[in-house]
Amino acid sequence: MSSIQNLNKIDPFADTGDDDTQPTNYIHIRIQQRNGRKTLTTVQGLPDEYDLKRIVRALKKDFACNGNIVKDEELGEVIQLQGDQRVKVMEFLTSQLGLQKKNIKIHGF
Amino acid sequence: MSVEETNVDLGFDPTLKKKKKKSTKTVEESNEATPEVDDVLSGLKKKKKKSKDSKSTPDADEINTDDVTDSLGELKLKKKKKKSSTPVPDDDFDKQLEKLGLDETNTTNTNTAETITDDDVNAQQSKYGLPYDGLLSRFFQILKKNNPELAGERSGTKFKIPPPVCQREGNKKTAFANVQEISEKLQRSPEHLISYLFAELGTSGSVDGQKRLIIKGRFQPKQLENVLRRYIIEYVTCKTCKSINTQLKKESSNRLFFLVCNSCGSTRSVSSIKTGFSAQIGKRKKM
Ligand SMILES: [Zn+2]
């Protein structure tokens, strides 16, 4: 029976899991200039189920830079890293944490 | 030969033509031209001086056809000769074109640049059997000369956005001099563009007396260009037709921004500019 495609039990209205209707849970990776040519990378909007402390520890070790967690009233906990780590953070989030690339937005120049 | 078919061809041709120079193209065509044309070329001397005013006889039609192809061939021949030197200057070509038009006025058909239409071409072809390729390329030459945007030219002034000009302003600031000009080209309010720049660069600044944008922090023109490019993709170009001739409209009922395309009429919603998190830099947070 199942060899006939039309009779397969697929609900066309079921959630396919790839709807873009939740723009709120984007992860934003930004860069800011500090004094001179020093920069700062911020990662905002990581899902709550991840342990930020552990992530920061791993990032600091991987990128050989300092970093910390800042608590913001509206935006929740934000990771700060020294230097321009935007691309590397992106790679880490996609490969190590299995986050999807389309949910991550890199800002800055 | 239906109109639709021509349209398909018209749609295809400009991309092909764009990469080649005008003169080389025509020369090529003369090379690959039908044997008919070759015939004409060989009989060029004979038929050149035929009278143009004999009209009514069926024979006259033949002669006129020859005349037309004759002059076409003449045009191509002349171009071929000149190929060895630099490409033919437009003036010269115009003269030849004009001459061509004059020759053809007998054959009931107005071949001046503005009045040439598809129907004319079709009619002419079905009547006299002129080579389609030659006519098509001539049509595009004329179209390109008179209204380039219809011939698929994208290099008009309308589509050119000037590169960002920026100077260092003191030690820690950058002056973005032509922010006004760019926002005008993009048909956006400078405030909108500036707020996007500040949000993306994670900084702040102000507009000075000469309408330059002073940004805190040091930025290279190339970096600003990257941000500008993203702004254009997100807030200016139409996703459907890639036109930048668009408007940003605010829907008063739901306070959402919509991008309305002036070229194709499509509408899409755009997100508002969010600054997001900005880290405390320098001074300690006041308690
Ligand atoms: Zn459009």
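Residues numbered from 1 in each chain as written. Chains lettered and ligands numbered in written order. Predicted model: local features only at pLDDT ≥ 70, side-chain atom pairs only at ≥ 80, totals over all residues. Heavy atoms only, no water.

J.: Quick question: what am I supposed to make of the coordination of the zinc ion here?
T.: In ideal tetrahedral geometry, four donors around a metal make angles of 109.5 degrees, whereas ideal octahedral geometry with six donors gives angles of 90 or 180 degrees. All names here are of chain B. Protein-derived coordination of the zinc ion comes from Cys238 (SG), Cys241 (SG), Cys261 (SG) and Cys264 (SG), at a distance range of 2.2 to 2.3 Å. Geometry at the zinc ion is tetrahedral, judged from its 4 donor atoms and the angles of 108 to 112 degrees they form at the metal. Coordination of the zinc ion draws on donor residues from a single chain, spaced C-x2-C-x19-C-x2-C in sequence. Here Cys241 is found in the loop between helix H11 (221-235) and strand E5 (246-251), whereas its partner Cys264 is found in the loop between strand E6 (256-261) and strand E7 (267-270), with 23 residues between them in sequence. Taking the relative accessible area as the measure of exposure, Cys264 reaches 41% and is therefore partly exposed. (Donors = N, O, S within 2.8 Å, 3.2 Å for Na, K, Ca; no water. Tetrahedral: all angles 85-135°; square planar, octahedral: opposite > 155°, others 65-115°. Helix = DSSP H or I, 4+ residues; strand = E, 2+ residues; numbered from the N terminus. Buried < 20%, exposed > 50% of the residue type's maximum accessible area, 1.4 Å probe, protein only.)

J.: Whenever I open this one, the pattern of salt bridges confuses me. Can you help?
T.: Oppositely charged side chains can pair when the atoms bearing their charge come close. On inspection of all chains with the given rule, the structure shows 6 salt bridges over all chains. A:Lys71 is paired through a salt bridge with A:Glu77; the nearest N and O atoms lie 3.4 Å apart. Of the residues examined, A:Lys71 reaches a relative accessible area of 66% and is grouped as exposed. With a closest N to O distance of 3.5 Å, B:Arg212 and B:Glu169 form a salt bridge. Here B:Arg212 is found in the loop between strand E3 (205-207) and strand E4 (213-216), whereas its partner B:Glu169 is found in strand E1 (residues 166-169), with 43 residues between them in sequence. Looking at B:Arg212, the relative accessible area reads 15%, which means it is buried. Among the charged side chains, a salt-bridge network with shared partners connects B:Glu169, B:Asp208 and B:Arg212. (Salt bridge = Lys/Arg side-chain N within 4 Å of Asp/Glu carboxyl O.)

J.: Is there a simple way to explain the sheet that holds strand E4 (residues 76-82) of chain A in this structure?
T.: As a general point, the strands of a sheet are linked pairwise by backbone hydrogen bonds and lie either parallel or antiparallel. All names here are of chain A. On the basis of which strands lie adjacent, the open sheet formed by 5 strands has the order E3-E4-E2-E1-E5 and mixed pairing. The sheet is open, and its two edges are formed by strand E3 (67-72) and strand E5 (104-106), each paired on a single side. When strand polarity is set aside, the average angle formed by the axes of neighbouring strands in this sheet is 25 degrees. Sheet topology note: the strand E1 (residues 27-33)/strand E2 (residues 39-44) ladder contains 6 bridges and is antiparallel. Within E2, the position partnered with Ile31 by the bridge is Thr41. The sheet contacts of helix H2 (residues 86-95) involve E1, E2, E4 and E5, and relative to E1 the element is tilted by about 160 degrees. (Pairing = 2+ DSSP bridges. Axes fitted to C-alpha atoms, helices over the stretch in contact; angles between N-to-C directions. Contact = heavy atoms within 4.5 Å.)

J.: Explain the sheet that holds E3(B) here, please?
T.: Residues and elements named next belong to chain B. Taken in spatial order, the 4 strands make up an open sheet running E1-E2-E4-E3, and their pairing is antiparallel. Strand pairing shows two members of the sheet lacking a second neighbour, E1 and E3, which therefore form its edges. Averaged over all pairs of adjacent strands, the angle between strand axes in this sheet comes to 20 degrees, irrespective of strand direction. Here E3 pairs with E4 via 3 bridges, running antiparallel. Along E4, the bridge assignment pairs Val207 with Leu213. Against the sheet, helix H10 (residues 190-201) engages strand E2 (173-176), E3 and E4, with an angle of about 15 degrees to E4.

Just distances and angles here, no functional claims.
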